[in-house]
Amino acid sequence: MNWHNLTIDEVYQATKSSPGGLTSATSKERLKQVGPNVLEEGTKKTAAGILLAQFKDVMILILLAAAIVSGIVGDLKDTIVILVIVILNAVVGFIQEFRAEKAMQALKHMAATQAKLLRDGKITWLPASLLVPGDLVLLEAGASIPADLRIAESVNLKVEEAALTGESVAVEKVSNVLETENLSPGDKKNIAFKGTHVTYGRGSGIVVATGMQTELGRIAKLLQEKETLTPLQQRLASFGKKLSIIVGFICVVFFVAGWLRGEDPMKMVLTSISLAVAAIPEALPAVITISLALAAKRLIRHNTLIRKLPAVETLGSVTYICTDKTGTLTKNKMYVEEIFAGNILYSRSKLKQSLQHDHETDLLLHAFALNNDVVEDENRTLKGDSTEVALMEVAREHNTSTGTLPRVAEIAFDSGRKLMTTFHTYNERIISFTKGAPDVILERCKDLDKIPVLQQIDQMAANGHRVLGFAYRYWDAIPKNPNSKEHETGLQFLGLAGIIDPPREEVCDAVKQCKSAGIIPVMITGDHPLTAKTIAERIGIVSNSEDVIVTGQQLADFSDLEFESKVEKIKVYARVSPEQKLQIVKMLQQKGHFVAMTGDGVNDAPSLKKANIGIAMGVTGTDVSKEASHMILLDDNFSTIVNAVKEGRRIYDNILKFIKFLMTTNSSEILVLLLGPLIGLPVALLPIHILWINLVSDGVPAIALSFEKAEKDIMTRPPRPPQQGIFADGRGLHMLWVGMLMAGIALCLQAWSIRNDLHWQTMVFNFLCLAQFGHVLAIRSGKDSFFQVGLFSNKLMIVGILISIALQAVITFVPFFQPIFETEALTFYEFILVGACASLVFFAVEVEKLISRRKTKHNYN
């Protein structure tokens, strides 16, 4: 029901209530019907459920099957190693998901615990959970709003709704009817919402919605929407399913072929397990988690706190950044930008040099300084209403003295008159300064040509300014009972002030960087469309006639098809509701985009959770928005997001590098195991060898890859297409041909070593380990040569490779480890031969990059 369209009497009628409130008997009956005034949680995930969900991945199930079979045939070493890997992976996943379950709890804590109301005609305090529709709640400064209320009485009642609407200025509440039907929560001036706070004045309100029927309850329902998987999670899930099918098929074919050839079935079972273990990159989940954690640690230095680790790589794929205006793009501080005085429009930046100090201009500055309730603290910091503080700052800049002009009377501001008047002693006379809506001020002024002033008001408003008018009048004595009718008429016009929350200085460059990186910034705000348009044009979000600006009301009128056709052209959304924010995110995702959404209020929580990456504000953000987000901006600054995107792209590039690195190794192991027996060679690798290669020899250099510096074109290329798979951009082909090269060299080395009666199995095992080190050095950059990148530009890589070589030497040469890993000590000649063969892989990949660079240069020319 549109409660804001009903009169107070109609609301009492609809809720079957009265100005004396409900009776205790009626409220008990209603409580049974509507239930308690609390927020309900959706199906809550238990700790056990979250833990078990970590074992649903197909690759994990194949590894578990391999562990069970290894245990049955008596190879406990492999079983223990595989189980340790699976359990560690599950613990990491469990910790991440368990932390994400707190958003609903934070939302519940926001609700008021006690409410002051009329019951049985008497004032009483009750738990807010017992409120029912029809109750009459009494409001005063400092009180929390316990349910959605239709305001019945307002005496200068102001409610701070920043948590719900995102706008920091307290809203003056009224009791009269609002005519417009479809209004956003921020425009419903006669409704007070559950979870907000009274900052000033007093009043009363009739409860019209409780629990999940309130605006806060609707947000709670939206929060129960399923979270979106990150790009990498989507790609790895798809890759895992495909890989598992291929692995299963290869293992069955391999076992059946061997069995038909008369091979020992037990031997074929063990070899099939080797194949399964070889195909699955066991180190990948751990390496990705460690790399993301290290990146998250680095991002803290850039004022970005990562709550959910996959968010780091999501930053690299973002195509849209939907950002709030107030505090993120702007300074969250009102500022007087333009002053109209003596028929001249002054810009604030040139005000000191150009302002003509005549009598009326000086009076205007005194009006700025005196007609307000701003106070100074001990540090001379101005405290009070943000608009009045902005006016006071202008007066201060011009050394306007206020100490000699004490206030002797006043007519307080109210929303009906839209005026405030103060009276002061001035040159042995009384002067009154009146401030308010410029159109109302003009009506009260005499001896004034209003047309040029009205044109100036329209121009300033069109520039997105909040315009205030100022006037004065002299009196012979202090008025005994100041009133509007008598003392706010016959005024002399002084001038106008154009006030705005200006853009942050660094935001323009950040928006430019976004656009050059192929990311589209979009503004979503609860502010007025004209103000939003002005800021968007200034910072470059709106840059041409094709960029569309829509209001929440216009958006509500769009059909799904109409919105789908326009969503990629809309650059500014003004006055939107929480459901509409969620609708924007979903529609962009439906169009194939990866969306980053910023927010600080409770109203932002559902869209933050649904976005591919939800970004909460660390300074102004509510606990609910922080719990629902993936990352938190510690300085609430849009440019920090752009720096985080750069880091996200770097880490995503590096993740793709180590996927390429790990999968190349795995493809070489599969080919060695498959092709060896086909050409009459014994099985070259045991399961323990493969696990060692996949975890230790692969793992340490792969983690070091995450420290590689960003490629030169990191912020001048478009985002990776969301649909782009892991094998795109030639990565799949690289994994295949380098894997074939490594397998070919390994099989040749195996055949030659058997013929010459050398330690063939240990030589093949060591070759595959050392070949990986050559490969990882070559793929540190996707384009530049290793010699251009430099040996020591990633010192951790060198340290990682040296540690891996040392560990390889230990399990090869130390007698204690030889029976565990089934290795034999190599001679010096064998070790040098293995090293020389491994270096071929490094040079082959360097030649591939050289050909690629020349081809790119030729195409460019």
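The structure this text deals with has already been given above.
Computed from a prediction, not measured in an experiment: that's the story for all the values here.

What the chain contains, in helices and strands, is 33 helices and 24 strands. In terms of principal-axis extent, the alpha carbons of the chain reach across some 120 × 70 × 50 Å. Every one of the 861 residues in the chain was classed for burial, and the buried ones make up 54%. Pairs at least 24 residues apart make up 72% of the contacts formed inside the chain by residues separated by at least 6 positions. For the chain, the accessible area works out to roughly 37,300 Å², and carbon and sulfur atoms hold 59% of it. Taken as two groups, the 89 positive and 89 negative side-chain charges of the chain have centres that lie 3 Å from each other.

A word on the nonpolar core. Ranked by internal contacts, the top residues of the largest apolar core, which has 109 residues, are I321, F638 and F767. No other element matches helix α26 (residues 638-678), which puts 15 residues into this core. A341, A367, A395 and Y426 belong to the second-largest nonpolar core, a separate cluster that totals 32 residues.

With that settled, the discussion passes to the sheet that holds strand β18 (residues 492-500). Read from one edge of the open sheet, seven strands run β11-β10-β18-β17-β16-β15-β14, paired in antiparallel fashion. The open sheet has two edge strands with one neighbour each: β11 (344-347) and β14 (407-414). Strand-to-strand twist of the sheet, defined as the mean angle between neighbouring strand axes without regard to direction, takes the value 20 degrees. Relative to strand β17 (residues 466-475), strand β16 (residues 429-436) is paired through seven bridges, and the arrangement is antiparallel. Considered in β17, the bridge of K435 is made with F470.

Excluding glycine, most residues fall at negative phi; most peptide bonds, likewise, are trans. Residue K16 is not a glycine yet carries a positive backbone phi of 50 degrees. If you trace the backbone, K16 turns up in the loop between α1 (8-14) and α2 (24-34). A positive phi angle is found at D120, which is not glycine, with a value near 55 degrees. Position of D120 among the secondary structure elements: in the loop between β1 (114-119) and β2 (122-127). Relative accessible area serves as the criterion here: at 43%, D120 is assigned to the partly exposed category.

Before going further, it helps to examine the environment of T330. Looking at the element boundaries, T330 is found in the loop between β9 (320-323) and β10 (335-341). For T330, a relative accessible area of 0% translates into the label buried. Taking the C-alpha atoms as reference points, T330 and S543, separated by 213 residues in sequence, lie 18 Å from one another. Other than its neighbours up to four places away in sequence, T330 contacts K325, D501, P502, P503, R504 and I535.

Look at helix α28 (residues 731-755) against helix α29 (residues 760-778): their axes get within 9 Å of each other, and the N-to-C directions meet at 150 degrees. Of the possible angle classes, the one that applies to α28 and α29 is roughly antiparallel. Judged by the twist between their axes, the crossing of α28 over α29 is right-handed. Across the interface between the two elements, H734, V738, M742, I745, A746, L749, Q750, S753 and I754 from α28 touch W760, M763, V764, F767, L768, A771, Q772 and H775 from α29.

Okay, empty space enclosed by the protein next. By the definition in use, this model includes two cavities of 30 Å³ or more. Roughly 40 Å³ of internal volume is contained in the largest cavity. The wall of the largest cavity is formed by G316, R649, Y652, D653, R717, P718, P719 and R720. For the lining of the largest cavity, the residue count by class is three nonpolar, one polar and four charged. Taken as a whole, the second largest cavity holds about 30 Å³ of empty space. Forming the boundary of the second largest cavity are I339, A341, L351, L355, T361, L364 and L365.

This brings us to the packing of α26 against α29. In the contact formed by α26 and α29, the axes pass within 11 Å of each other and the chain directions differ by 150 degrees. In terms of orientation, α26 and α29 fall into the roughly antiparallel class. Our pair here, α26 against α29, has a crossing hand that is right-handed. Contact residues: K660, F661, T664, T665 and S668 in α26; L768, Q772, H775 and V776 in α29. Taken together, the residues that form the contact of α26 with α29 break down as three nonpolar, five polar and one charged.

Once that is clear, we can look at helix α27 (residues 687-705). Between its first and last C-alpha, α27 extends 26 Å over 19 residues, near the 27 Å set by a 1.5 Å rise per residue. The sharpest bend along α27 reaches about 45 degrees and sits at G699, with the proline P701 one to four residues further on. Counting buried positions along α27 yields 15 of 19 residues, so the element is predominantly enclosed.

Let us now look at the side chain of N37. As for its placement among the helices and strands, N37 is situated in the loop between α2 and α3 (47-53). Residue classification places N37 among the buried positions, given a relative accessible area of 3%. Within the local environment of N37, its side chain forms a polar contact with the backbone oxygen of A128, the two atoms lying 2.9 Å apart. Polar contacts involving the side chain of N37 include one to the main-chain amide nitrogen of G211, which spans 2.7 Å.

For the rest of this paragraph, the subject is the pairing of β14. One ladder, built from five bridges, connects β14 with strand β15 (residues 419-426); its direction is antiparallel. Note that in β15 the partner of I411 across the bridge is T421. Taking the residues that link successive antiparallel strands as the turn, the β14-β15 hairpin has four residues, and the phi of K418 there is positive, at about 65 degrees.

Turning to the sheet that holds strand β20 (residues 548-551), a few remarks are in order. The eight strands are arranged β8-β24-β23-β22-β9-β19-β21-β20 in an open sheet whose pairing can be described as mixed. Only two strands of the sheet have a single neighbouring strand rather than two, namely β8 (304-306) and β20. Each neighbouring strand pair of the sheet contributes to a mean axis angle of 20 degrees, computed without reference to strand direction. With four bridges connecting them, β20 and strand β21 (residues 570-574) associate as parallel partners.

Conventions adopted
- Residues numbered from 1 in each chain as written.
- Predicted model: local features only at pLDDT ≥ 70, side-chain atom pairs only at ≥ 80, totals over all residues.
- Heavy atoms only, no water.
- Helix = DSSP H or I, 4+ residues; strand = E, 2+ residues; numbered from the N terminus.
- Buried < 20%, exposed > 50% of the residue type's maximum accessible area, 1.4 Å probe, protein only.
- Contact = heavy atoms within 4.5 Å.
- Areas by Shrake-Rupley, 256 points an atom, 1.4 Å probe, with all protein chains shown as cover.
- Lys, Arg positive; Asp, Glu negative; His and termini not counted.
- Charge placed at Lys NZ, Arg CZ, Asp CG, Glu CD.
- Core = buried A, V, L, I, M, F, W, Y, C linked by side-chain atoms within 4.5 Å.
- Pairing = 2+ DSSP bridges.
- Axes fitted to C-alpha atoms, helices over the stretch in contact; angles between N-to-C directions.
- Parallel < 35°, antiparallel > 145°, perpendicular 65-115°, else oblique.
- Left-handed = near helix turned anticlockwise from the far one by under 90°.
- 1 Å grid on protein atoms, 1.4 Å probe; cavity = no way out; pocket = protein on both sides within 12 Å on 5 of 7 lines; lining within 4 Å.
- Points joined across faces, edges and corners; volume = space filled by probe spheres on them.
- Nonpolar A, V, L, I, M, F, W, Y, C, P; charged D, E, K, R; others polar.
- Expected span 1.5 Å × (residues − 1).
- Bend = angle between axes of the 7 residues up to and from the residue.
- Polar contact = N/O pair within 3.5 Å; in protein donor to acceptor, adjacent residues only side chain to side chain.

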